[in-house]
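Descriptive analysis of the structure
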Amino acid sequence: MSPAPRHGRARYDVIVVGAGLSGSLVAKELGDKGWRVLVLEAGTGTLGSWPGHLGALDTYYAALAKVPNSPYRPNAAAPSPDVLDLTGLPSGGYRSHGYFLQQGPLPYGSDYLRAGGGTVLHWLGLTPRMHPEDFRTRRTYGYGRDWPIGYDDLEPHYRAAERALGVAGDAAEQADAIGLPFPDGYVYPMRAIPRSYVDDVFASRLDGAAVRETPGAPATTLRVVGVPHARNGTPDPRYDGGRGYRPVGAAGLPNYGERCVGNASCVPICPVQAKYTPLKTQASWDRRRVRLLTQAVVSRVLADGTGRALGVEYLEYEDPAAPAPTTRTAEADIVVLAAHAIENARLLLVSGLGNHSDQVGRNLMDHPVLLGWGLLDHPVGPFRGPASTAGLECFRTGPARRSRSPFRIEISNWGWSWPEGSPGSDVARLLGMGADPAQPRGKGLFGPRLRAALGREIGRQVSVQFLMEQEAEERNRVTVDRRRPDRLGIPRPVLTYDLSDRVKSGMAAAKAVSDQIFRLLDAEDRTAYGPGPLSPGWFRFEGRDFTFNGAGHGGGTHVMGDAPGTSVVDSWQRCWDHPNLYAVGCGSMPSMGTSNPSLTMAALALRSSERIHRDLTAAHRPAAVGPQEGRP
Amino acid sequence: MTPKTSTSARSLDDFLTASAALTGFGAFDLHGTGMAGLYHRTALEQVGGPAVGRFLDALDAAGGDPDGITDETARDIARAIAHMWYLGVWPQLAAPVHTALGRERANTAFTVSPEAYTEGLVWRTFDGHPAGAKPPGFGTWADPPPGAPAVPRAGERTSGLPGPREAGP
Ligand SMILES: Cc1cc2nc3c(=O)[nH]c(=O)nc-3n(C[C@H](O)[C@H](O)[C@H](O)COP(=O)(O)OP(=O)(O)OC[C@H]3O[C@@H](n4cnc5c(N)ncnc54)[C@H](O)[C@@H]3O)c2cc1C
Ligand code: SF4
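Residues numbered from 1 in each chain as written. Chains lettered and ligands numbered in written order. Predicted model: local features only at pLDDT ≥ 70, side-chain atom pairs only at ≥ 80, totals over all residues. Heavy atoms only, no water.

Here we look at the overall build of chain B
Note the following rule: Helix and strand labels come from DSSP, where a helix needs a run of H or I of at least four residues and a strand needs a run of E of at least two; each type is numbered from the N terminus. Throughout, exposure labels follow a simple rule: accessible area from a 1.4 Å probe, protein chains only, divided by the maximum for the residue type, with under 20% read as buried, over 50% as exposed, and the rest as partly exposed. Whether two residues touch is decided by their heavy atoms; if any such pair falls within 4.5 Å, the residues are in contact. For the area figures, the Shrake-Rupley method with a 1.4 Å probe applies, and any residue is considered shielded solely by the protein chains shown.
Looking only at helices and strands, one finds 8 helices and 2 strands in chain B. Mapped from its N terminus to its C terminus, chain B presents α and β elements in the order α-α-α-α-α-β-α-β-α-α. Residue burial in chain B is summarised as follows: out of 169 residues, 48% are buried. Contacts spanning at least 24 positions in sequence make up 58% of the contacts within chain B whose residues lie at least 6 apart. For chain B, the exposed area adds up to about 7500 Å²; of that, 55% sits on carbon and sulfur atoms.

In structure tokens, the structure reads:
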């Protein structure tokens, strides 16, 4: 197969690789500025139509395990990792049998989605900002990597991202409780999503209480704080100097999804699309300038001998089940990789580009999650509303970071769905059925006693999620294995992943806090960690058991820095080695603090778009196409 | 191709009466899910008419109380039918039961249909709705569920709460 030129003009101002969150934002910004943008998307575009969305919803309903990728059809041409790819072994350790080749001491437990719209289709939609001190942990606390830019540099872009994603939140509370600086009088586009009853119960028992991580440690005072969401709520008329905000509805169905109705399935799919997805941004692309090509897997970035990126090679396929790809190329002045942290690193490695620093693929980070769960003494109404509407923010910052990872605590609204697979596991357990059909079964409860027991037990389920910061470590990395390609012949990602003692110490502190939270709640603490098939993330530390999960927040793999010798991209997410090749996404982040990372990633993408616009303008003027030019 | 059993009616009604005893939900509620026919057919397909008949007989012999079923095969069918009603999922049978029934199909769990999931009874046991369907409306998650005490809402006690920690050096 020799590269064949595509029909029509194959030359663009910008090629964006990946129609996920960061790619969709970059394409939107540059298209609106008049540049010709080609977006190449590996997955199908089915989810962008309303029938395609309904199909995914049905697939989700019919799925046995309602994991993040359950609504989305497997695609042989663009395989995705899945959390079901990992199995724990009976006495510790894990087995990985999916797209990733995993060889680290501990598993990387997160997935992503390679379909038009990307991973954000199954995100939860929480959009907290990072704390100013998260950008400079090395200078302040002596660990991790510092950003070449700080909170202040990013602040206007945070606001732009909050507009682009449509964020609902309470800025005054964020400022007061967390210490986040906002411009005077700033309000989010929409008012805060109401806190859940679960949050109120937690607040009534926890607010003002003091807990200690270890017996001698200083006391920390607890406070339940709402979290900002990229989820449609009630517009704030004060937004934008009184101009207000119009929520963006579903992609593919007008006047729908303009407010969250409490489906309680944001992960893995919001039935009404009240939750932000990049499909909404794509719906606002100026299609005369932004061309989306789906089922086009970029296999390589092409560069000349001087280090200039020329374009990309991509493989176009028709049938996702039995792909027979055609190799093509496209050229542009600027190439932007926006294929997800791990896929961006894979593309750079496969292309042999950008790796003068030997940092490509290294510094892989996630937010390792520790879970705590228990039963309250009265019904709490679990499985209602977005998965989390508030948390405890008091362990995110401060000098304790010198010795252990900080953490953010999410209060879950969905009972034990994450730790125990509720409510399905409760039904099976009460019926006397274990996971292994070869084991003898219990007698089981039936009839009114079964019904009452389920109501009593599930109705009182509460859980908390501790999102640990994971610092950049070179040994945690993505490489590629040329001997083990995917169906299209592209080398698959090999992951080497582990948790440092700093993260594990943070988990020990988090567990101590968890114990005290359940005591203060007067709840029966049911938290238990042990090895087993469902615990690939089990390990022992200082004589105690822990099990962690992935948060889906992969980053660090094309790390940003202030020098070409030690980092892959500069603060504009531009490869040091290739001035017209950008790698955007969480992969650029030198640290992720304890905040769900996508808002920060979106702010970075918008900031980079400005830079790309300047680069292109310096080279030539935008093309005039169509009547929109010249409008105010 | 469902062989008839010796006992008189092995109809949908019998299946519903048994289902009510298994689930603790009345036949009216079960009918209301719209799933009764599909579940009946699924049970017949999965274990065969004779085994369903023997289960119904065993339930009758126990006076309609599933706790009184002593035969392990009948009891496991009872578990499976209750599981299906609660979750919309036909489960794996106990391995010895699967063997004893001589089933000519894999012993695997599956969701009976997309609607079966959203009609699962489990959500109703705690006054909930199926995750991903039948949404109760914006902000409803802030209300106490039935049987829960009212607690102060956010904003009703915000004064005097701790601010951010002192930043490090
Ligand atoms: C379960 C879950 C919940 C999450 N919840 C939150 C949350 O609440 N808040 C938060 O901040 N973050 C959350 N995240 C993280 C968030 O989803 C990611 O940070 C975000 O999706 C990354 O965006 P991206 O654009 O870099 O990559 P993606 O969204 O993954 O998009 C990449 C796109 O590139 C395409 N692509 C891949 N390879 C190629 C190729 N070779 N050629 C062409 N196209 C390609 C993919 O198909 C995809 O469309 C969550 C993640 C998970 C898994
Ligand atoms: S709670 Fe429901 S309606 Fe609201 S965002 Fe989540 S899935 Fe969508």
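Now, onward.
Things to note about the overall build of chain A
Going by this rule: Radius of gyration means the value over C-alpha atoms here, while the globule rule gives 2.2 Å times the residue count to the 0.38 power. The charged-residue count follows a simple rule in which Lys and Arg add positive charge and Asp and Glu add negative charge, with His and chain termini not counted at all. The atoms used to mark charge sites are NZ of Lys, CZ of Arg, CG of Asp and CD of Glu.
A count of helices and strands for chain A gives 14 helices and 23 strands. Against the compact-globule benchmark of 26 Å for 632 residues, chain A has a radius of gyration of 24 Å, which places it among compact chains. With the C-alpha coordinates of chain A rotated into their principal frame, the extents come out at 70 × 60 × 50 Å. When each of the 632 residues of chain A is scored for burial, the buried share is 67%. Taking the intrachain contacts of chain A between residues at least 6 apart in sequence as the baseline, contacts between residues at least 24 apart amount to 73%. In chain A, the 71 positive side-chain charges and the 64 negative ones have mean positions that sit 3 Å from each other.

Considering the interface of chain A and chain B
Our working rule: Note on terms: buried area is the combined drop in 1.4 Å-probe accessible area of two parts once they are placed together, counting the loss on both. The term salt bridge refers to a pairing of a side-chain nitrogen on Lys or Arg with a carboxyl oxygen on Asp or Glu at a separation within 4 Å. Pairing of N or O atoms within 3.5 Å defines a polar contact, subject to two protein rules: one partner must be a possible hydrogen donor and the other a possible acceptor, and residues neighboring in sequence count only if both atoms are side-chain atoms. In this count, Pro and Cys sit with the nonpolar residues alongside Ala, Val, Leu, Ile, Met, Phe, Trp and Tyr, while Asp, Glu, Lys and Arg are called charged and the others, Gly among them, polar.
Contact residues are listed per partner, giving 82 residues for chain A and 68 residues for chain B. Both sides of the chain A and chain B interface together cover about 5700 Å² of buried area, and 62% of this is carbon and sulfur. Of all residues in chain A, Tyr61, Phe446 and Arg451 of chain A bury the most surface against chain B, accounting for 13% of the area lost on that side. Here chain A is connected to chain B by 3 salt bridges. A salt bridge links Asp76 of chain B to Arg441 of chain A; its shortest N-O distance comes to 3.0 Å. The tally of links between chain A and chain B comes to 25 residue pairs in polar contact (both at pLDDT 80 or more). Those elements that provide at least two residues to the side of chain A that touches chain B are α2 (50–62), α3 (137–141), α5 (171–178), α6 (197–206), β8 (220–221), α11 (424–430) and α12 (447–458) of chain A. At 8 residues, the largest contribution of residues to the side of chain A that touches chain B is made by α12 of chain A. Across the side of chain A that touches chain B, the residue classes tally to 41 nonpolar, 25 polar and 16 charged.

What to know about the UniProt feature "domain: Glucose-methanol-choline oxidoreductase C-terminal" (unreviewed entry) in chain A
Rule in force here: UniProt positions are given in the numbering used here, feature names are shortened, and annotations may be inferred rather than shown by experiment.
With numbering aligned to this structure, UniProt lists the feature "domain: Glucose-methanol-choline oxidoreductase C-terminal" (unreviewed entry) at residues 473–605 of chain A. The span residues 473–605 of chain A is 22% helical and 23% strand by assignment, and the distance between its end C-alpha atoms comes to 24 Å.

Notes on the pattern of salt bridges
Residues and elements named next belong to chain A. Taken as a whole and assessed by the stated rule, the structure comprises 47 salt bridges over all chains. A salt bridge links Glu331 to Arg11, with the shortest nitrogen-to-oxygen separation between them at 3.3 Å. On the criterion of sequence distance, the pair formed by Glu331 in strand β13 (residues 326–337) and Arg11 in strand β2 (residues 11–17) is long-range, its members being 320 residues apart. Overall, Glu331 belongs to the partly exposed group, its relative accessible area being 41%. The shortest N-O distance in the salt bridge between Arg195 and Asp200 comes to 3.1 Å. The pair Arg195 / Asp200 is uniform in exposure class, with both members buried.

With respect to the site of ligand 1
Residues and elements named next belong to chain A. Let me state the cut-off plainly: Any residue with a non-hydrogen atom lying within 4 Å of a molecule or strand is treated as near it.
Taken together, 37 residues sit near ligand 1, with Ser22, Glu41, Thr119, Leu126 and Ser598 positioned nearest. One of the backbone N or O atoms of Leu126 is found 2.8 Å from a nitrogen atom in ligand 1. Expressed as a share of its isolated accessible area of 1000 Å², the protein-covered part of ligand 1 is 97%. Secondary structure elements with two or more residues in the shell around ligand 1: α1 (21–32), β11 (296–303) and α14 (598–619). Looking at which element gives the most residues to the shell around ligand 1, the answer is β11, with 3 residues. When its residues are assigned to classes, the shell around ligand 1 shows 21 nonpolar, 12 polar and 4 charged.

Some details on the packing of helix α1 (residues 12–23) of chain B against helix α3 (residues 36–47) of chain B
All names here are of chain B. Rule in force here: Between N-to-C directions, angles cover 0 to 180 degrees, with each direction set by a line fitted to C-alpha atoms, over the stretch in contact for helices. Roughly parallel here means an angle under 35 degrees, roughly antiparallel means over 145, roughly perpendicular means 65 to 115, and every remaining angle is called oblique.
Across the interface, α1 lies against α3 with an axial gap of 10 Å and an inter-helix angle of 95 degrees. The angle between α1 and α3 places the two elements in the roughly perpendicular class. Of the residues in α3, those in contact with Leu12, Phe15 and Leu16 of α1 are Ala36, Gly37, Tyr39, His40 and Ala43. For the contact of α1 with α3, the class distribution of residues is 6 nonpolar, 2 polar and no charged.

Details of the site of ligand 2
Taken together, 13 residues lie near ligand 2, and Cys260, Asn263, Ala264, Cys266 and Cys270 of chain A sit nearest. When grouped by side-chain class, the residues that make up the shell around ligand 2 number 8 nonpolar, 4 polar and 1 charged.

Describing the sheet that holds strand β19 (residues 491–496) of chain A
Residues and elements named next belong to chain A. Formally: In this scheme, strands are said to pair when DSSP sees at least two bridges between them.
Pairing is mixed in the open sheet, where 3 strands are placed in the order β6-β19-β18. The sheet is open, and its two borders are formed by β6 (101–102) and β18 (477–485), each paired with just one other strand. The pairing of β18 with β19 spans 6 bridges and is classified as antiparallel. Across the sheet, Val478 pairs through a bridge with Leu495, a residue of β19. The sheet contacts of helix α9 (residues 341–351) involve β18 and β19, and relative to β18 the element is tilted by about 60 degrees.

Side note on the confidence of the model for chain B
Test applied: pLDDT measures the predictor's confidence residue by residue and takes values from 0 up to 100.
Looking at chain B as a whole, its pLDDT mean stands at 89, while 86% of the residues score no less than 70. Within the model, the stretch residues 1–9 of chain B combines pLDDT values under 50 with 10 contacts to residues more than four positions away or in other chains.

Structural notes on the UniProt feature "domain: Glucose-methanol-choline oxidoreductase N-terminal" (unreviewed entry) in chain A
Per the UniProt record, the feature "domain: Glucose-methanol-choline oxidoreductase N-terminal" (unreviewed entry) sits at residues 287–369 of chain A. Annotated as residues 287–369 of chain A, this span is 13% helix and 40% strand, and its ends, taken at the C-alpha atoms, are 40 Å apart.

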